[in-house]
Structure formats: C-alpha cells, structure tokens
Amino acid sequence: MQPLTDMPMSAPEGGACDGGISLVSALTADEQEIARVMQICNACRYCEGFCAVFPAMTRRLTFDKADTHHLANLCHNCGACLHACQYAPPHEFAVNVPRAMAKVRKRTYQDYAWPASFGRLYQRAGLTVALALAGGLALFLVLAVAMNGKLVHEPLAGNFYAIFPHNFLAVLFSVVFLYAILALAVGVIRFWREMSPSKDADLRDVASISQTRLPAAAESISDVAQLRYLGGGHGDGCNEEDDRFTLWRRRFHHFTLYGFLLCFAATCVATLYHYLLGLHAPYRFSSLPVILGSLGGIGLVIGPVGLLWLNLRRDPQHGDPDQHGMDRGFILLLLLVSLTGFALLLLRDTGFMALWLAIHLGTVMALFLTLPYGKFAHGIFRSAALLKFNIEKRMPNRLGIGGE
Ligand code: SF4
Ligand code: SF4
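These numbers come from a predicted model, not from an experiment. All residue numbers refer to position in the chain's written sequence, counted from 1. Here every chain gets a letter starting at A, and every ligand a number starting at 1, in the order they are written. Per-residue local features of the predicted model are confined to residues with pLDDT of at least 70, and side-chain atom pairs are confined, for both listing and counting, to 80 or more; whole-chain, interface and lining totals are unaffected and use all residues.

Draft legend 1. Main features of the overall build of the chain. Numbering of helices and strands runs from the N terminus, with a helix taken as a DSSP run of H or I at least four residues long and a strand as a DSSP run of E at least two residues long. Looking only at helices and strands, one finds 14 helices and two strands in the chain. Each residue is classed by its C-beta neighbour count within 10 Å, where at least 20 other C-beta atoms makes it buried, 12 or fewer makes it exposed, and intermediate counts make it partly exposed; the C-beta atoms are placed from backbone geometry. Counting the 404 residues in the chain, one finds 41% classified as buried.

Draft legend 2. Representation of the site of ligand 2. As used in this record, a residue near a molecule or strand is one whose C-beta atom, placed from the backbone, is within 6 Å of it. As a structural note, the neighbourhood of ligand 2 is formed by 15 residues, with Cys51, Cys75, Cys78, Cys81 and Pro98 the closest of them. Only helix H4 (80-84) and helix H5 (97-111) provide two or more residues apiece to the shell around ligand 2. Per element, the largest residue contribution to the shell around ligand 2 is three residues, and it comes from H5.

Draft legend 3. The arrangement of the site of ligand 1 in detail. Taken together, 13 residues lie around ligand 1, and Cys41, Cys44, Tyr46, Cys47 and Cys85 are the ones closest in. If you list the elements that add at least two residues to the shell around ligand 1, you get helix H1 (29-44) and H4. Residue type decides the class: Asp, Glu, Lys and Arg count as charged, Ala, Val, Leu, Ile, Met, Phe, Trp, Tyr, Cys and Pro as nonpolar, and the leftover types, Gly among them, as polar. Residues that form the shell around ligand 1 fall into these classes: 11 nonpolar, one polar and one charged.

Draft legend 4. Quick peek at helix H10 (residues 248-277). The span one expects for a helix is its residue count, reduced by one, times 1.5 Å. With 30 residues, H10 extends 41 Å between its outermost C-alpha atoms, agreeing within 8% with the 44 Å of an ideal straight helix rising 1.5 Å per residue. Those residues of H10 that sit buried are Arg249, Arg250, Phe252, Phe255, Thr256, Gly259, Phe260, Leu262, Cys263, Ala266 and Ala270. The elements touched by buried residues of H10 are strand E1 (238-239), strand E2 (245-246), helix H11 (288-313) and helix H12 (324-347). Just beyond H10, the residue with positive phi is Gly278, at close to 70°. Two residues form a contact once the distance between their C-beta atoms, set from the backbone, is within 7 Å.

Draft legend 5. Looking closely at the nonpolar core. One finds Ile34, Val53, Leu71, Leu74, Met101, Leu333 and Leu357 to be the most contacted residues of the largest nonpolar core, which totals 96 residues. Take this core: its biggest share by element is 14 residues, from helix H13 (residues 353-370). Both of domain 1 (4-113) and domain 2 (116-389) provide at least three residues apiece to this core. Setting aside chain neighbours within four positions, we find Leu333 in contact with Val129, Leu133, Thr363, Ala366 and Leu367. In these notes, a nonpolar core means any group of buried Ala, Val, Leu, Ile, Met, Phe, Trp, Tyr and Cys residues linked to one another through C-beta atoms within 7 Å. What counts as a domain boundary in this text is fixed by an automatic or database domain assignment.

Draft legend 6. Geometry of the confidence of the model for the chain. Residue-level pLDDT values for the chain average 90, and 89% of them are 70 or greater. Mean pLDDT per element in the chain: helix H8 (residues 201-206) is the minimum at 53, and H13 is the maximum at 98. Scored between 0 and 100, pLDDT is the confidence that the predictor attaches to each residue. Every residue in residues 12-24 scores below 50 in pLDDT, and together they form 22 contacts with partners more than four places removed in sequence or on other chains.

Draft legend 7. Expanded view of the environment of Ile380. As for its placement among the helices and strands, Ile380 is situated in helix H14 (residues 377-392). Owing to 18 C-beta atoms within 10 Å, Ile380 belongs among the partly exposed residues under this scheme. In sequence terms Ile380 and Gly187 are 193 residues apart; their C-alpha atoms lie 9.5 Å from each other. Sequence-distant contacts of Ile380, defined by excluding residues within four places in its chain, comprise Leu184 and Val188.

Draft legend 8. Structural context of the packing of helix H7 (residues 166-195) against H14. All axes here are fitted lines through C-alpha atoms, helices being fitted over the stretch that makes contact, and every angle between N-to-C directions spans 0 to 180 degrees. Closest axis-to-axis distance for the H7/H14 pair is 10 Å, and the angle between their directions is 30°. Our classification of the angle between H7 and H14 gives roughly parallel. Of the two possible hands of crossing, H7 and H14 adopt the one that is right-handed. In contact with Leu184, Gly187, Val188, Phe191, Trp192 and Met195 of H7, H14 contributes Ala377, Ile380, Phe381, Ala384 and Lys388. A breakdown of the residues in the contact of H7 with H14 according to their chemical character gives nine nonpolar, one polar and one charged. We call two directions roughly parallel when the angle between them is under 35 degrees, roughly antiparallel when it is over 145, roughly perpendicular when it lies between 65 and 115, and oblique otherwise. It is the rotation of the near helix from the far one that decides the hand of a crossing: anticlockwise by less than a right angle makes it left-handed, clockwise makes it right-handed.

Structure (structure tokens):
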C-alpha cells in the first residue's frame, strides 16, 4: 500500500487524468475524485467502521468506473467521515468523501435513466418537480371543470367518483405508475449490470445461492428497513450542522419511508375492497384504507418537514450544493401529497370536494411522473448497492489486506 505522502493530494481539474491514479483514464473528473480520496482513505482507514463504503473500499487498490458508481451509491451522506477526517479541507489533501460520492451518485441516476434522454431531467430536478406539479394541477383542475362544469358544488357525501369516474382514475394512474416502475427497474438493472458481482469470477465459481445471495438479500432488506448506515457506524447517528451526532435524520427518513409504504398499502387495500369485495369509496374514517392512509399521511408530514428542517441547517460542506433543488423539491412534493390528502379527507363532505380532489390528484400525478427522474431513485440505487456489498463481503477477499 502507498504511504499517504505519495497520494495525489488535490482534486483533478477537468476531465484529464494527470497520471497520479492508475486505471482512471476513462473516468470523469468527479469519478477521478472518488478514486483519489479512496486511495487516501485506503492508506488511512480511520473510518473503517463508519459505513459500508470503507469495507468495500478495502477490497480494492484501484477504482474503476463501476467501483466509483458502487461506492457512490453505498454512501448515505451521513457526514461522519467528513467530521472525523484529519485530511478534510483546509488540509491540502482536501478529502471530502460525502461530497465526492454525492456528485457521482447523482450522475449515476442520470446515466442509467430510461429512456436515456430523460436522464437530463436530473440536471434540473427541482425544475422538473415544479413543472410536473404545475402540469398535474392544471390537468386535473381542467378535467374537473370539463367533466362537471364547476369546481364548487353541492355536497356529494364524499363520492369522488361523481367527479372523476373510477375506471378513468384507475386506468390513468395505473398506466403512469407502471411506467414509473418500469423506468426505475430498467435504470437499476443497467446500474446492476455494470457493477454486478456476476462479472466477478469468484462469484460465478464459488458462490452458491444459499450461501451468498439469499443471506445477502435478507441482510440488505434489514439494512434498508433499519436505515442502518444512517447510524454513523456507532449507532449515535449522523453529523448535521456540526460535530455532534444526531439520530433525527434516520428518524425522519423512517417516518417518510414507512409513511410512503402505509399510503401505498392503503391504496392496495382500497383496490382489493373495490374489486374483490365490491365495497366502493368513500370509506368510513374507521375503515382500514382510511386508517392506513391517515397513518401514512402523518408519517409523510412529520418525515418531510423534519428532513427539510435538517436539510436547511446542514453543514454546507456535506454533499453537493447543486443537488438542493432535487432534494428539497422531492421533500416538498411528498409533503404536498400528504397535506392535500388530509385536506381532501376533511373536506370531502363539503362543496369543495372537487377542488381538493383535483389538487390532490394533481400532486399525486406529479409524484408518480417524477419517481424515475428525481430523488426517489436514491432509495432504489442504494438498495442495489447494498445488495452488491452484502454479496461481495461473503466472497473471499482476494487482496487479503483488510476487510469487513
Ligand atoms: S475520510 Fe479521512 S479520516 Fe476517514 S479514512 Fe478517509 S482519509 Fe482517513
Ligand atoms: S458520509 Fe457517511 S455514509 Fe458516506 S462514506 Fe462517509 S461515513 Fe460513509
């Protein structure tokens, strides 16, 4: 291993390789920066226990494009390694791992997006959310007027389908949602193929499904469910605005994640009620779809409000400042979905139901449309990166000089 004094000290300029890092000729400037800081970290290893990035790093001496993409998506941007680093700015080594990872992470969403031309939407993700929201609201407000002649009406006892027919909504949202799932699936499959352990001869020859992939998948699900790597490696949490640790980022992520899943569960249960049991909306406040949706909605208020609060207070050295629009746009959209959902629930028996139904459906449509081209992708790509990590760590370490 190289001594630290032999390491390339400063970030590369432009896209040219200066020869200080091997096997990087095809790397972009941002990918070269990951390779540079990882070579310094590989010699230092102070942060080895912080997260999955460092054990994955110790299996490599050089970092090719696929490695930088894998490591970038393993990083949870918890900030721990920046606040612990003796080589962080203003040191001449200028090691800022979370920023290097964040820049390449966003680029992976863009490069693997499907269709490829839509990847450009990540460059202006905040604007993409704003346009999708404007389009979604305009669409449903215009449709409500076109179908009903007005937005304010006599109370309809919460009967949404008097405004928009059930089959119309079911077909429209199914098509958009299935498109979003397809686009995300194609993107993450492309990502997986590039960094896949299947190109690793060890895995093809040695690994059996029962010894590696199944336990790795189970551990990855557990990592995602717990958001394990938002614990900072010691369980005390992330660094936010300073050197103090806090678990609030993990807690607000949990509210958001489980809120989203509960809202999805409410939609699934309502679909089963409609098609299997012949029970049609509106459902009582005490019904399972409304209870699940309300609990999910509470999670999608607390989580996004908390994440926005933390985001606004974060140390500016964390992550990539160019991504504030993507982060905050997604957080605000989730918050709008939950708030308009509650407004609709509370006003569904009044003459304002059509107005609030159109507003709520417009925000949900914007969310669905931007799922494959915004911050939502980070959960999918990070889960894939964790699976790769958990498979890889069950394989022999061919370097034999460190590990997890
Ligand atoms: S981030 Fe800094 S302290 Fe941590 S391993 Fe890298 S060089 Fe060492
Ligand atoms: S910011 Fe956190 S998750 Fe990312 S590499 Fe550093 S310690 Fe790991």
